[in-house]
Amino acid sequence: MTFYSKSLSEKDFASLSGLFGSKIVLVGGVYWIEVRSFFYRPLLPLPVHHPQSVRAPLTAKLGAYQYPVKSEAEANSALNLLMFEQARAYSVDGLDKKRRRQVKLAAKEYEVRPVTDVGEFKRQGHPVYLSFYERTRYPVGAKRRDPAYFAAWADAIFSIPNVLILGAYREGVLGGVSLSYLINDTVFYATFFCDDEALKRYLSDLMLHSVRELAATSPDVRQVFASMFKGLRGLDDFYLLRGAALVRQPARLEINPLTNLLLKRCLPKQYRQLLGQVDVPVGGAGAGDGPAPAKATSHDPARPAEFS
């Protein structure tokens, strides 16, 4: 069975993103996501846009908007993406010794399989989400702490076709959940949350491995999108140390002059990140991890180790 055989439509992708608490706006045939207050990017980070035809949300004129473009000549900034390229070539044997060991240890404890019963997902998934929230206090979608809201969210997730919902079970009890989906030739590793015990037992490694392994068996998949590069060592290193590439995509930033001045003077680090000016990582989060297999490239095409 090929799990990534049908592409999620952009409309369904917008609906799914809205279920995670993101503000999505459709303007000129493009779905935009509000990344920060009054700052927008296209929901799909890979397709390029022509500056002459881009129409942004009105409120973006108060802040900024940024979108991928085809060439450096059109660009004044960059989007930094964490990608697992050449998805078909993936094998657990390609990981370093430490990461292989973590995958194998978790695989002895957990069975990863698709979740197809929404009732089971509601019953077992909510305690897992609560454990995740108490550990991280991750604010996006925090309304899911309420059982009724979580149940409604689950119903909505299960109603969207072509979303792969994977559950990790230990002795029949759900310990972690991931959501992923194919858009065009790219698998988006969109959501992962787990309970405290699963995190200690390296489930984050096993779940990422499972998604990459399924992508490797899918003829239509070229790459796996993990996350935007955030400039946070622990979050970015999780992917970089497992083979992700740091891909630099030329982008066009349109910013309100006053906003530009304030950011440049008051928040210079964040301003550099907005422009895509980041240092390519050279090492992992822990001693003895060795160099990260990162590279900076440009090609023409939303997260930490656990996210929601």
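Residues numbered from 1 in each chain as written. Predicted model: local features only at pLDDT ≥ 70, side-chain atom pairs only at ≥ 80, totals over all residues. Heavy atoms only, no water.

1. A word on the side chain of Gln66
1) Next: With respect to the element layout, Gln66 can be found in strand 4 (residues 64-68).
2) Next: Under the relative-accessibility criterion, Gln66 is labelled buried at 0%.
3) Next: A polar side-chain atom of Gln66 sits 2.9 Å from a polar atom in the side chain of Arg41.
4) Next: Separated by 2.9 Å, the side chains of Gln66 and Ser77 make a polar contact.
5) Next: Ignoring any residue separated from it by four or fewer positions in sequence, one finds Gln66 in contact with Trp32, Phe39, Tyr40, Arg41, Pro42, Ser77, Ala78, Leu79, Ala251, Arg252, Leu253 and Leu274. (Helix = DSSP H or I, 4+ residues; strand = E, 2+ residues; numbered from the N terminus. Buried < 20%, exposed > 50% of the residue type's maximum accessible area, 1.4 Å probe, protein only. Polar contact = N/O pair within 3.5 Å; in protein donor to acceptor, adjacent residues only side chain to side chain. Contact = heavy atoms within 4.5 Å.)

2. A short note on the side chain of Asp205
1) Next: Its place among the elements puts Asp205 in helix 6 (residues 203-216).
2) Next: If near-sequence neighbours (up to four positions away) are discounted, Asp205 is found in contact with Arg99, Gln102, Val103, Phe238 and Arg242.

3. Some thoughts on the packing of helix 3 (residues 118-136) against helix 4 (residues 147-159)
1) Next: Closest axis-to-axis distance for the helix 3/helix 4 pair is 10 Å, and the angle between their directions is 130 degrees. Between helix 3 and helix 4, the interaxial angle falls into the category oblique. Note on packing geometry: the crossing formed by helix 3 with helix 4 is right-handed. Residues Val118, Phe121, Lys122, Gly125, His126 and Tyr129 of helix 3 lie in contact with helix 4, whose contacting residues are Pro147, Phe150, Ala151, Trp153, Ala154, Asp155 and Phe158. (Axes fitted to C-alpha atoms, helices over the stretch in contact; angles between N-to-C directions. Parallel < 35°, antiparallel > 145°, perpendicular 65-115°, else oblique. Left-handed = near helix turned anticlockwise from the far one by under 90°.)

4. So, the packing of helix 8 (residues 257-266) against helix 9 (residues 268-275)
1) Next: Two elements in contact, helix 8 and helix 9, have axes whose closest approach is 5 Å; the angle formed by their N-to-C orientations is 120 degrees. Classified by the angle between their axes, helix 8 and helix 9 sit oblique to one another. For the pair helix 8 and helix 9, the contacting residues are Asn260, Leu263, Lys264, Arg265 and Cys266 in the first and Pro268, Tyr271 and Leu274 in the second.
2) Next: Of the residues contributing to the contact of helix 8 with helix 9, the split by class is five nonpolar, one polar and two charged. (Nonpolar A, V, L, I, M, F, W, Y, C, P; charged D, E, K, R; others polar.)

5. Notes on the nonpolar core
1) Next: Within the largest apolar cluster, 41 residues are counted, with the highest numbers of intra-cluster contacts made by Leu16 and Tyr181.
2) Next: Not counting the four nearest positions on each side in its chain, Tyr181 is found in contact with Tyr4, Leu8, Phe13, Leu16, Asn162, Val163, Thr186, Val187, Phe188 and Ala190.
3) Next: Grouped together as the second largest cluster of nonpolar side chains are 36 residues, Ala216, Tyr239, Leu240 and Leu246 included. (Core = buried A, V, L, I, M, F, W, Y, C linked by side-chain atoms within 4.5 Å.)

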